[in-house]
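Residue-level listing of the chains:
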Number of protein chains: 2
Amino acid sequence: MARTSTTNDVFSAIGEPKRRALLEQLVLQQMTVSDLVEAMEWSQPMVSKHLKVLKDVNLVSETKVGRFHYYRVQPDELRPIQEWVHQFEKYWGGALEQLDSYLTDIQKTRDDDER
Amino acid sequence: MARTSTTNDVFSAIGEPKRRALLEQLVLQQMTVSDLVEAMEWSQPMVSKHLKVLKDVNLVSETKVGRFHYYRVQPDELRPIQEWVHQFEKYWGGALEQLDSYLTDIQKTRDDDER
DNA sequence: ATATTATATTCCTATATGGGAATATGTCAA
DNA sequence: TTGACATATTCCCATATAGGAATATAATAT
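Worth saying up front: this structure is predicted, and the values here are computed from it rather than measured. (Residues numbered from 1 in each chain as written. Chains lettered and ligands numbered in written order. Predicted model: local features only at pLDDT ≥ 70, side-chain atom pairs only at ≥ 80, totals over all residues. Heavy atoms only, no water.)

## A word on the pattern of salt bridges
Applying the stated rule across the entire model yields six salt bridges over all chains. Its salt-bridge partner being A:Lys52, residue A:Asp56 comes within 3.7 Å of it at the nearest N-O pair. With A:Asp56 and A:Lys52 both in helix α4 (residues 44-56) and four residues apart, the pair spans about one turn of that helix. By relative accessible area, A:Lys52 is classed as exposed at 52%. Of the charged contacts, one joins B:Lys55 and B:Glu62 as a salt bridge, the two residues approaching to 2.6 Å between their closest N and O atoms. The class of B:Lys55 is partly exposed, set by a relative accessible area of 36%. Look at B:Glu62 and you get partly exposed, because its relative accessible area is 21%. (Salt bridge = Lys/Arg side-chain N within 4 Å of Asp/Glu carboxyl O. Helix = DSSP H or I, 4+ residues; strand = E, 2+ residues; numbered from the N terminus. Buried < 20%, exposed > 50% of the residue type's maximum accessible area, 1.4 Å probe, protein only.)

Given below as structure tokens:
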């Protein structure tokens, strides 16, 4: 078998640095393909292809206006990643910081509960 | 050119679902290769190979005790991912939730400052 | 010394990629 | 209608997988 498809899920899709760069650019504002070609200084097919992968996993959405295709980020789709990483957060920091981290966690939990 | 190497960075390494599964298992406790073979129900070479990728990007560390190689997660290495996703968090939630999200952010920032 | 256990590495193959180049498709403007 | 513009797709290739099978390496036990 070959490696996991880039469109398998959000994790696979953002494995490619260029696609992360696209998302970083698009989060600022929606842009057309040509806008991105200029901003990234990549070839147009390159932009379109990476956008396709991002769209396949719903990390970007597309709005067509005549010849122009506006792409925008769908930030919510990154939540699974945040949540996945979250389960490791409690172990962040070295041994010396463990206690402090633990107390901070407790405080944070309380804050969350209050909301 | 071919696709980005899995050991290019942490993002690429966790693109593979099996490697995420390994990390999820190892975060509970350090384990040897055979422990993982049993827990995951994968072949031994499969476990070793995926561990190698994770180790190359420092997501796991290895401690050798005789024949046994104990692997453990290095949770801090996931921080870059958390930070990368963070820049998109402020846009989470639909339009209706935007205001609430905005206010929550402000409160959170204040909490952070107080610590 | 030798068999056994634990782990890593090598060899193989199928497959999917990222990128370049060329081309197709779609839409607008003159 | 026709040319220009915007975007997508196809064709090509080099490369790096993931996985299975076999084998190598390392360390222990008997």
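## As for the side chain of A:Arg19
Residue and element names in this part refer to chain A. Among the secondary structure elements, Arg19 is positioned in helix α2 (residues 17-26). Despite its burial, Arg19 pairs with no opposite charge, the nearest such side chain being Glu16 at 4.9 Å. Setting aside chain neighbours within four positions, we find Arg19 in contact with Thr6, Ser12, Ala13, His50, Val53 and Leu54. (Lys, Arg positive; Asp, Glu negative; His and termini not counted. Contact = heavy atoms within 4.5 Å.)

## Some thoughts on the protein's contact with DNA strand C
Around DNA strand C, 28 residues are found, and the nearest of them are A:Lys49, B:Met1, B:Ser34, B:Gln44 and B:Tyr71. When the atoms of DNA strand C within 4 Å of the protein are sorted by group, sugar and phosphate make up 62%. Measuring from a phosphate oxygen of DNA strand C, one finds a side-chain N or O atom of A:His50 at 2.7 Å. Contributions of two or more residues to the surface near DNA strand C are made by α2 and α4 of chain A together with α3 (33-40), α4 (44-56) and β3 (68-73) of chain B. The element contributing the most residues to the surface near DNA strand C is α4(B), with five residues. (Near = heavy atom within 4 Å. Polar contact = N/O pair within 3.5 Å; in protein donor to acceptor, adjacent residues only side chain to side chain.)

## Here we look at the pairing of strand β2 (residues 60-65) of chain A
Pairing geometry for β2(A) and strand β3 (residues 68-73) of chain A, over six bridges, is antiparallel. Considered in β3(A), the bridge of A:Val60 is made with A:Val73. (Pairing = 2+ DSSP bridges.)

## Overview of the packing of helix α5 (residues 79-89) of chain A against helix α2 (residues 17-26) of chain B
Contact geometry for α5(A) and α2(B): axes closest at 10 Å, N-to-C directions at 30°. Relative to α2(B), the element α5(A) lies roughly parallel. Where α5(A) crosses over α2(B), the two elements pack in a sense that is left-handed. Mapping the contact onto sequence places A:Trp84, A:Gln87 and A:Phe88 in α5(A) and B:Arg20, B:Leu23 and B:Glu24 in α2(B). In the contact of α5(A) with α2(B), the residues fall into three nonpolar, one polar and two charged. (Axes fitted to C-alpha atoms, helices over the stretch in contact; angles between N-to-C directions. Parallel < 35°, antiparallel > 145°, perpendicular 65-115°, else oblique. Left-handed = near helix turned anticlockwise from the far one by under 90°. Nonpolar A, V, L, I, M, F, W, Y, C, P; charged D, E, K, R; others polar.)

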